[in-house]
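These are the residues of each chain, in order.
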Amino acid sequence: MPELAISIATYSGIPMPAFTQLARKAEDAGFSGVFVTEANNDVMLCCYAAAVATSRIRVGSWIANIYFREPHLAAAAAQMIQEASGGRFILGLGVSHRPALSSLGIEMGNARERLRRYTETIRNGLSGKPVSALGMRIRVASHPVPIYFGALVKETAKLGGEIADGLMLYLAAPARMREEIELARGEARRCGRDPDDLRITMGLPLYLDDDRSRALEAARRGLFFFAGLPFYNRILARGGFAAEAKAIADALARRDFAAAAAAMSDRLIDSIAMVGPAARCLERLAEYRDAGAELPIIVPNPVDSDYAAAVRIAMNTFARAI
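What you see is a predicted model, and the numbers here were worked out from it, not measured in a lab.

What counts, and where the lines are drawn
- Residues numbered from 1 in each chain as written.
- Predicted model: local features only at pLDDT ≥ 70, side-chain atom pairs only at ≥ 80, totals over all residues.
- Heavy atoms only, no water.
- Axes fitted to C-alpha atoms, helices over the stretch in contact; angles between N-to-C directions.
- Helix = DSSP H or I, 4+ residues; strand = E, 2+ residues; numbered from the N terminus.
- Parallel < 35°, antiparallel > 145°, perpendicular 65-115°, else oblique.
- Left-handed = near helix turned anticlockwise from the far one by under 90°.
- Contact = heavy atoms within 4.5 Å.
- Salt bridge = Lys/Arg side-chain N within 4 Å of Asp/Glu carboxyl O.
- Patch = residues over 30% accessible without salt bridge, like charges linked within 9 Å, V, L, I, M, F, W, Y side chains within 5 Å.
- Areas by Shrake-Rupley, 256 points an atom, 1.4 Å probe, with all protein chains shown as cover.
- Expected span 1.5 Å × (residues − 1).
- Phe/Tyr/Trp six-rings, centres within 6.5 Å; stacked < 30°, edge-to-face > 60°.
- Buried < 20%, exposed > 50% of the residue type's maximum accessible area, 1.4 Å probe, protein only.
- Bend = angle between axes of the 7 residues up to and from the residue.
- Polar contact = N/O pair within 3.5 Å; in protein donor to acceptor, adjacent residues only side chain to side chain.
- Core = buried A, V, L, I, M, F, W, Y, C linked by side-chain atoms within 4.5 Å.

Asker: What exactly am I supposed to notice about the packing of helix H3 (residues 71-85) against helix H5 (residues 111-126) here?
Answerer: The relative placement of two packed helices is expressed as an angle between their axes plus a distance between the axes. As a packed pair, H3 and H5 sit with axes 8 Å apart at the nearest point and diverge in direction by 45 degrees. Judged on the interaxial angle alone, H5 and H3 are oblique. Between H3 and H5 the crossing geometry is right-handed. Counting all contacts with H3, which are made through Pro-71, His-72, Ala-74, Ala-75 and Gln-79, the residues of H5 involved are Tyr-118, Thr-121, Ile-122 and Leu-126.

Asker: Just to check I follow, could you spell out the pattern of salt bridges for this structure?
Answerer: Opposite charge on two side chains permits pairing when their charged atoms draw close. Using the criterion set out here, one finds 22 salt bridges in the structure. With its nearest N and O atoms 3.4 Å apart, the salt bridge here joins Arg-280 to Asp-270. Remark: Asp-270 occurs in helix H12 (residues 266-272) and Arg-280 occurs in helix H13 (residues 278-290); sequence separation between them is 10 residues. Several salt bridges converge on common partners, so that one network encompasses Glu-3, Arg-58, Arg-185, Arg-199 and Glu-294.

Asker: Can you help me understand a nonpolar patch on the surface in this one?
Answerer: The grouping of Tyr-48, Val-52 and Met-80 at the surface amounts to a nonpolar patch, some 290 Å² of accessible area in total. In this structure, Val-52 sits in helix H2 (residues 43-53).

Asker: I keep staring at H13 and nothing clicks. Help me out?
Answerer: Along an α-helix, a turn takes 3.6 residues, which lines up residues three or four apart on a common side. Here H13 is 13 residues long and its end C-alpha atoms lie 18 Å apart, about the 18 Å a rise of 1.5 Å per residue gives. Contacts from the buried residues of H13 go to helix H7 (174-190), strand S8 (199-208), H12, strand S9 (274-276), strand S10 (295-300) and helix H14 (307-318). Of the residues flanking the end of H13, it is Gly-292, one or two places downstream, whose phi is positive at about 120 degrees.

Asker: Looking at this model, I keep getting lost on the packing of aromatic side chains. Mind explaining?
Answerer: Aromatic rings considered in pairs are described by the distance between their centres and by the relative angle of their planes. Scanning all chains against the criterion turns up five aromatic pairs. Plain terms: the ring middles of Trp-62 and Tyr-170 are 5.4 Å apart, the flat faces sit at 80 degrees to each other, and that makes the pair edge-to-face. Of this pair, Trp-62 sits in the loop between strand S3 (58-61) and strand S4 (64-65) while Tyr-170 sits in strand S7 (residues 166-170); the two residues are 108 residues apart in sequence, bridging distant segments of the chain. Using a relative accessible area of 7% as the deciding quantity, one classes Trp-62 as buried. Judged by relative accessible area, Tyr-170 falls into the buried class, the value being 16%. Arranged with centres 6.5 Å apart and planes meeting at 70 degrees, the rings of Tyr-170 and Tyr-232 form a pair that is edge-to-face. With Tyr-170 in strand S7 and Tyr-232 in helix H9 (residues 230-238), the pair connects residues that are 62 residues apart, well separated along the chain. Members of the aromatic cluster, connected to one another through ring pairs, are Trp-62, Tyr-170, Phe-225, Phe-226 and Tyr-232.

Asker: What should I look at first to understand helix H8 (residues 212-228) in this one?
Answerer: Spanning 17 residues, H8 covers 24 Å between terminal C-alpha atoms, matching the ideal 24 Å at 1.5 Å per step. Taken as a whole, H8 carries its principal kink of about 35 degrees at Gly-222. Among all positions in H8, only Ala-215, Leu-216, Ala-218, Ala-219, Arg-220, Leu-223, Phe-224 and Ala-227 are buried. In this fold, the buried residues of H8 make contact with S8, H9, helix H10 (242-253), helix H11 (257-262), H12 and S9. Sitting at the amino-terminal end of H8 is Asp-211, which places a side-chain oxygen 3.1 Å from the backbone nitrogen of Ser-213.

Asker: Is there a simple way to think about the nonpolar core in this case?
Answerer: As a rule of thumb, soluble globular proteins bury nonpolar side chains together. If you look at the biggest cluster of nonpolar residues, it comprises 78 residues, and the most contacted ones within it are Met-44, Leu-91, Leu-93, Ile-122, Met-177 and Phe-318. With seven residues, the single largest contributor to this core is H2. Each residue touching Leu-93, except ones within four places of it in the same chain, is listed here: Ile-63, Ala-64, Ile-66, Leu-115, Tyr-118, Thr-119, Ile-122, Ile-147, Tyr-148, Phe-149 and Gly-150. Counting residues in hydrophobic clusters, the runner-up holds 38 residues, among them Trp-62, Ala-219, Leu-229 and Val-303.

Asker: Can you walk me through the side chain of Glu-187 in this structure?
Answerer: For Glu-187, the location among the structural elements is in helix H7. In this structure Glu-187 comes out as buried when scored by relative accessible area, which is 11%. A polar side-chain atom of Glu-187 sits 2.6 Å from a polar atom in the side chain of Arg-190. Look past the residues within four positions of Glu-187 in its chain and what remains in contact with it is Lys-158, Gly-161 and Glu-162.

Asker: Explain the environment of Ser-132 to me, please; I cannot follow it from the model alone.
Answerer: Tracing the sequence through the fold places Ser-132 in the loop between H5 and strand S6 (147-150). In this structure, the C-alpha to C-alpha distance between Ser-132 and Thr-121, residues 11 residues apart in sequence, is 8.9 Å. At a separation of 3.1 Å, a polar atom in the side chain of Ser-132 contacts the main-chain amide nitrogen of Met-136.

Interpretation note: all reported values are geometric properties and have no functional meaning in isolation.
Rendered as structure tokens:
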């Protein structure tokens, strides 16, 4: 049976009771996982809430920012969530984006080396080894905690193949997703690991509406910020969207958000998102599955409704694809 997960964003403004209700609805609808984003919220606390509100569905951080909490604290939180969930928790880790960190006064430094050390400390802590020079330890995890890496660039995908349990990919066309998977599994093979043990998740932004023009306009408004971030902007430019990437970056540099949104061409949007009527979006989901997405993660976005309604509509629509 094909697997399918859904993300729920508490930064959307929904209160915590509504968030946990949506997590339970995802479980009742047969989804394999509920993944929680981190932006203006504590993703580990949200994952704990989702874990205690459900009984079967996997719960994952999507993605915990390694600059927001020290690794020993992340390990302690992961242990608590895994215990509360009975082994259903996936710890997704990522390095965020330099502009976002700089705006908070955080210096990124060498992000991949930090991610490597961070992962090592968490694994040591969860296995009972000291997490500090003073010998501080946390409780041993009752179940193994899989660690997945948010991999926007190929170097991080390769690091995931070396030391992670899975990848969390996002905003990539099927061809690029397949390339990152091949790189990661090739690195796993080089390191003596079984490449098939590396699990692949793929986040798929969803703008679901029978009126495709209306859905496209919502996607323009919802995606231009991501397309302007340096990592994504470079990837899009190299992937055949150089003109759009430059126009978006230039517009954002002068803080012309309307122009940035307008620079998102239909072709660009269609390459990284599922937009329009249900039949079209289900076809796109099948393309990603065929390209290697073992656990697609639906990322609902409102078109002509509030956020919670958009999530419920997405659940009802995509339950047929499980």
